[in-house]
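# A look at the structure
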Amino acid sequence: MLEYKEASFEQRPSEPPRRSAGPSRTPRANTLGTGPNTIGGTMGLILHWLHDVAAVTLLKARRTLFQAAVFFCVLGLLLWVSIFLYGSFYYSYMPTVSFSAPVHYYFNSDCDISTSELCSFPTANISLLKNDRDQVMAFGQPYRISLELELPESPVNEQLGMFMVKMWCYSKGGKVVSSVRRSTMLHYRSSLLQTLSTFFFSPFLLSGMAEQKQLIEVELFPGYKTNSYQPTVGAVIEIQSRRVQIYSSQLRIHAYFTGIRYVLYNFPLMSAVVGVATNFAFIGAVVLFSYLQFLWGGLWPPDQVRVKVMIGDSTRMQQRREEVKKRMEREYSQKEVDSPRVIGPVKEEADEGVPSKTSFVIGNVSDSEKDGSADIGPPEEMEKTETTLRQRAGASSKEVAD
């Protein structure tokens, strides 16, 4: 017995060691090994987040830089267009401010030369065209025309006294448009004054830096206006004296401005700033409205327009609902007034061989019916009335639903 048990014990296969039912404990070495992995994962998440933030920031910076570049380019273009428009307006609106031309006199010399007098009056022909095609004077603009004479203080000119200066303007066909005559003479200087002036200015006179001469200005036209039908293309100047002695002469034309031209000429900087700013504001407004029209399809955003339309539609729907509600109330009140009421059971007399029938008569109760003097209508008409009322009630409910 004992042997059998031992044999059986020896023949039993070796079983694997059982695990304890308690919680398993992780070795310390493994626990220490997972620390760097956790820190590395956290650093990876932080680096990934930083990469995303940097990418988004760079994208926003690029977009902002691009928008700023486009904005400044548009501003520069608008400013350039404004300056160009103001310059074009100034060039086309402002006429020639001043014009001067040298006057070269000619005279006849085929007479007796023993005397100091000339054979004819000194005369000069001057063209009033720039580059032989453009007119110097604008139409309707007043001009001041004067002649500058440089005369020596010679005894001949001092003894000459007064002399006349004549000028006439002509058109393309040679027709005289306007003419004028003016008188002039040398300024008087006594012999003592001439002696003192010669003594004090003798160094300059000896060196050639100064001369004994006088500059006389003769105003010919204080406010000359050229005619648009017969524009002035030239002028003839004649010195009506045969003994006059002239160094040189200049014809000067100066515009006399009024109104806007006066402001543009006398205040050029302020006028330029105001003109460029006005052009910039106007063109900027046009560009802004065009951009809004292209972007939104109008001046107001579509959301606001949609809200306004929805508010208007809701108001109209509310009004329609109120109208339908009032109509239904009227119909219901009318229906209650016209609603049939049961008078009571009526027994019909049965014919011979036919059983009697009991029916309910529906109709409006009137005073005559109360007295029993009125007849009661047939049931088919009552059914038609009920059908009509039901159809009206269904149509009203459909309108309310719409």
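These lines cover the structure that appears in this document, whether it is placed above or below. (Residues numbered from 1 in each chain as written. Predicted model: local features only at pLDDT ≥ 70, side-chain atom pairs only at ≥ 80, totals over all residues. Heavy atoms only, no water.)

## Some details on the packing of aromatic side chains
Quick note on the threshold: Any pair of Phe, Tyr and Trp rings, taking the six-membered ring for Trp, is counted once the centres come within 6.5 Å. Such a pair is stacked with planes under 30 degrees apart, edge-to-face with planes over 60 apart, and tilted for the rest. Think of it in three bands: residues with accessible area under 20% of the maximum for their type are buried, residues over 50% are exposed, and the middle band is partly exposed, with areas taken using a 1.4 Å probe on protein chains only.
For the coordinates displayed, the defined rule picks out eight aromatic pairs. Seen in terms of ring centroids, Phe71 and Phe72 are 5.7 Å apart; in terms of plane orientation they differ by 70°. Their pairing is edge-to-face. Ring plane angle 50° and centroid distance 6.4 Å describe the contact between Phe201 and Phe204, whose orientation is recorded as tilted. Relative accessible area serves as the criterion here: at 43%, Phe201 is assigned to the partly exposed category. Residue classification places Phe204 among the partly exposed residues on the basis of a relative accessible area of 40%.

## Examining the sheet that holds strand β5 (residues 143-152)
Strand pairing in a sheet relies on backbone hydrogen bonds. The paired strands run either parallel or antiparallel. Basically, it comes down to this: When DSSP finds two or more bridges between two strands, those strands count as paired. Helix numbers and strand numbers start at the N terminus; a helix is a DSSP run of H or I with at least 4 residues, a strand a run of E with at least 2. Under this scheme, a helix contributes an axis fitted over its contacting stretch, all axes are lines through C-alpha atoms, and angles between N-to-C directions fall in the 0 to 180 degree range.
Within the open sheet, the four strands sit side by side as β1-β10-β5-β8. Their pairing is antiparallel. With one partner strand each, in any of the chains shown, β1 (98-102) and β8 (213-224) form the two edges of the open sheet. Taken over all neighbouring pairs, the strand axes of this sheet differ in orientation by 15° on average, direction set aside. Bridging between β5 and β8 involves nine bridges; their strand directions are antiparallel. Paired with Pro152 across the two strands is Lys213, which belongs to β8.

## Concerning the pattern of salt bridges
The condition that has to hold: Salt bridge, as used here, is a side-chain nitrogen of Lys or Arg placed within 4 Å of a carboxyl oxygen of Asp or Glu.
Per the stated rule, a full pass over the model turns up six salt bridges. Across the pair Glu150 and Lys213 runs a salt bridge, and its minimum N-O distance is 2.1 Å. Of the two residues, Glu150 is situated in strand β5 and Lys213 in strand β8; the sequence distance between them amounts to 63 residues. Residue Lys213 is classed as partly exposed on the basis of its relative accessible area, which comes to 35%. Ionic pairing is found between Glu211 and Lys213, a salt bridge with its closest N-O pair at 3.9 Å.

## Observations regarding the pairing of strand β7 (residues 176-184)
Here strand β6 (residues 163-170) pairs with β7 via eight bridges, running antiparallel. Bridge assignment links Cys169 to a residue of β7, and that residue is Ser178.

## Section: the pairing of strand β10 (residues 248-255)
Only one face of β10 is covered, namely the face carrying Ser249, Leu251, Ile253 and Ala255; the face carrying Ser248, Gln250, Arg252 and His254 is uncovered. Across five bridges, the pairing between β1 and β10 is antiparallel. What sits directly across from Ala101, in β10, is Leu251. Bridge count for β5 against β10 is eight bridges, and the pairing is antiparallel. Bridge pairing in β10 places Ile145 opposite Ile253.

## Description of the nonpolar core
Quick reminder of the rule: Definition used in this section: a nonpolar core is a set of buried Ala, Val, Leu, Ile, Met, Phe, Trp, Tyr and Cys residues joined via side-chain atoms within 4.5 Å. Residue contacts follow a heavy-atom distance rule, with two residues in contact if any of their heavy atoms lie within 4.5 Å.
If you look at the biggest cluster of nonpolar residues, it comprises 38 residues, and the most contacted ones within it are Leu147, Leu149, Met167 and Ile237. Only β1, β2 (123-127), β5, β6, β8, β9 (234-240) and β10 provide two or more residues apiece to this core. Leave out the neighbours within four places in its chain, and Leu147 touches Val103, Tyr105, Val165, Ile216, Glu217, Val218, Leu220, Ile237, Ile239, Ser249, Gln250 and Leu251.

## Re a nonpolar patch on the surface
Filter applied, for reference: Residues forming no salt bridge and having over 30% relative accessible area are the ones grouped into patches, like charges within 9 Å of each other and nonpolar side chains (Val, Leu, Ile, Met, Phe, Trp, Tyr) within 5 Å. The Shrake-Rupley method, run with a 1.4 Å probe, gives the accessible areas here. Residue values count only the displayed protein chains as cover.
Together, Ile39, Met43, Ile46, Leu47, Trp49, Leu50 and Val53 make up an exposed nonpolar region whose accessible area comes to about 690 Å². You can see Ile46 is positioned in helix α2 (residues 28-93). By relative accessible area, which is 40% here, Ile46 ends up partly exposed.

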